[in-house]
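Understanding the architecture of this molecule
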Amino acid sequence: MQLDTASLWIMIAAALVLLMTPALGLFYGGMTRSTGVVNMMLMSFSAAALSAIVWILWGYSLSAGQPAIAGIIGNPFSDIALHNTEPTGLLTAGFSGTFALISVAIISGAIADRSRFAPWLLFVPLWVSLVYAPVAFWIWGGGMLSADGFLGSIFGEAIDFAGGAVVHTNAGVAALVLALKLGQRHNFHDRPQPHNTPLVMLGAALLWFGWFGFNAGAATTVEQAGLIWINTMGAPAAAILGWIFVEKLRGQRPSSVGVASGLVSGLVAITPACADLAPWAALLLGLIAGAGSAWAVNLKWKLGYDDSLDVVGVHLVSGVIGTLFLGFLALPTESNAGGLFYGGGMGQLVAQFMTLLVVIVFSAGMTWIIATAIEKITPWRVSAQTEIEGIDAAEHNESGYHWAENKV
C-alpha cells in the first residue's frame, strides 16, 4: 500500500506535536531558577518517555478500545502493545499518543523547584492511565460525554476539537491539585523571576510551530484545515495584545515572558474551538483569553497557592474560556445548531459547561488520590536545604550552566 497524502499529513502533524513536549521543557526551563533548569527540562522529557511507553502498552486501548467497559473506559485488553492494530491504524494511535505526552508534561510547571524526581516518575504513568485516558475516551472515544454516551445524550455533546477539556482543563486542574499538595516554595513571596528569557521565547516559538499540527492534525477537508490554520495563527496573536493590555493597566511595561505567556494562552483557548469559529471570532477569543490569563496569574499571590510557572492561570483558565466560548459563537454545522449568538440556543453552552464540570471534578479527585498514594510511598518535596541550594545538583548531579570564575 502506497503512502497517501492524508497519512503523510498525520505523520507530519504527529511529529509537530511530539516536538511540543521538549519545547515545553525549554519554555518551563527558562522560567525556573538557574539551579532548577535541568530538573524542569527532564520532567518534560521523562513525561514524554513514560507516556509513550504507557500509550503503546495499554493507554491507547484505554482511550479507544472496544468493547468499552460500561461506557466509562476503553477495554485495556483489546489491543495490548498495539498488537491488533492495523498498520494504518498505528498512525492514529501515534498521533493521539502525542497528546497524552504533552498533557502530563504541562502539569510539571506547577511544581517546579520543589518536587523530587522519583515521585514524578510514578505520577506520570498513573495519571496518563487513570485520568487522561478516561477523559479522552469520554469525549473522543465514544464514551459517556459523546453524543451517544450517558451524559452526552442528556446534556448534549461538547465541541472539543483538539483538547480544551481533554488536554488543558484536565492538566490545569491536576496542576492546581499538585501545587496545593506540595505547598509553597521557600521564596514564593519573593516572586522569583525567570532566569533565562531567551529560552522562554525559544520554547514559546517552538510551541506555536508545533501547535499547527496539534490543531490541524485531525482536519478532514481542505476547507477545515484552512480555517484551523488561520485561527491558530490569529488567536495567539490577539492574545499577546490582550496580555500586554492587562500589563499596561497594572502599570507594568510589556515583557518578553508576558508576550510568551500570552501567546500560549491564545493557543490554549483556540485548541477546542479551532475548527468551529469564524476568524474574527478567533481573534476575539484570543483577546479575551490573553487578558483573562494575564489577570488570573496574579490570583496565586492573593490566594496563596504556589503554581510555580502559571499552569493554572494559563492552561486551566484559557482552556475553560476557549471551551465555553464555543457555546456563544460556534459556527452552525450539519451536526450542531451553533452557538447562542448564531441562533443555536443554550444547548451548546450547556453541553460545554457540563463537560467542563465533569472533567474538573474527575481530574481533581483522581489527581488528589494518585498524589496522596505516591506520598505514602515516597515524599514529594525535596528538603528545605536542597530547595534553597537548587534541585539540579541534588536530584541529578548536574548543572545547567558552568559559570566561569572571575580572574584578576
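Details of the structure are given in the entry above.
The paragraphs below set out a description of the structure included in this document. Values in this document were obtained by computation on a predicted structure and should not be read as measured data. (Residues numbered from 1 in each chain as written. Predicted model: local features only at pLDDT ≥ 70, side-chain atom pairs only at ≥ 80, totals over all residues. Heavy atoms only, no water.)

All right, on to empty space enclosed by the protein then. Inspection of the entire model under this criterion finds two cavities of 30 Å³ or more. The space that makes up the largest cavity amounts to roughly 50 Å³. Taken together, F27, Y28, M31, S261, V264, L309, D310, V311, V314 and H315 make up the lining of the largest cavity. Secondary structure elements with two or more residues in the lining of the largest cavity: α1 (5-31), α9 (256-273) and α12 (311-329). Considered class by class, the residues forming the lining of the largest cavity number seven nonpolar, two polar and one charged. Size it by volume and the second largest cavity reaches roughly 50 Å³. Forming the walls of the second largest cavity are M20, L24, I102, I106, H168, L207, W211, V264 and H315. At the level of secondary structure, the elements contributing two or more residues to the lining of the second largest cavity comprise α1, α3 (87-107) and α7 (197-216). (1 Å grid on protein atoms, 1.4 Å probe; cavity = no way out; pocket = protein on both sides within 12 Å on 5 of 7 lines; lining within 4 Å. Points joined across faces, edges and corners; volume = space filled by probe spheres on them. Helix = DSSP H or I, 4+ residues; strand = E, 2+ residues; numbered from the N terminus. Nonpolar A, V, L, I, M, F, W, Y, C, P; charged D, E, K, R; others polar.)

In total, this model carries six salt bridges according to the counting rule given. Where D113 meets R185, a salt bridge forms, and the shortest distance between an N and an O atom there is 3.8 Å. Taken together, the residues span a long stretch of sequence, with D113 in the loop between α3 and α4 (117-140) and R185 in the loop between α6 (164-182) and α7 at a distance of 72 residues. The exposure class assigned to D113 is buried, which follows from its relative accessible area of 7%. Overall, the relative accessible area of 7% leaves R185 in the buried class. Here D306 ties to R185 by a salt bridge, and the two come within 2.8 Å at their closest N and O atoms. Note that D306 is positioned in the loop between α11 (299-303) and α12 and R185 in the loop between α6 and α7, a separation of 121 residues in sequence. Taken individually, D306 and R185 each receive the classification buried, so the pair is uniform in this respect. (Salt bridge = Lys/Arg side-chain N within 4 Å of Asp/Glu carboxyl O. Buried < 20%, exposed > 50% of the residue type's maximum accessible area, 1.4 Å probe, protein only.)

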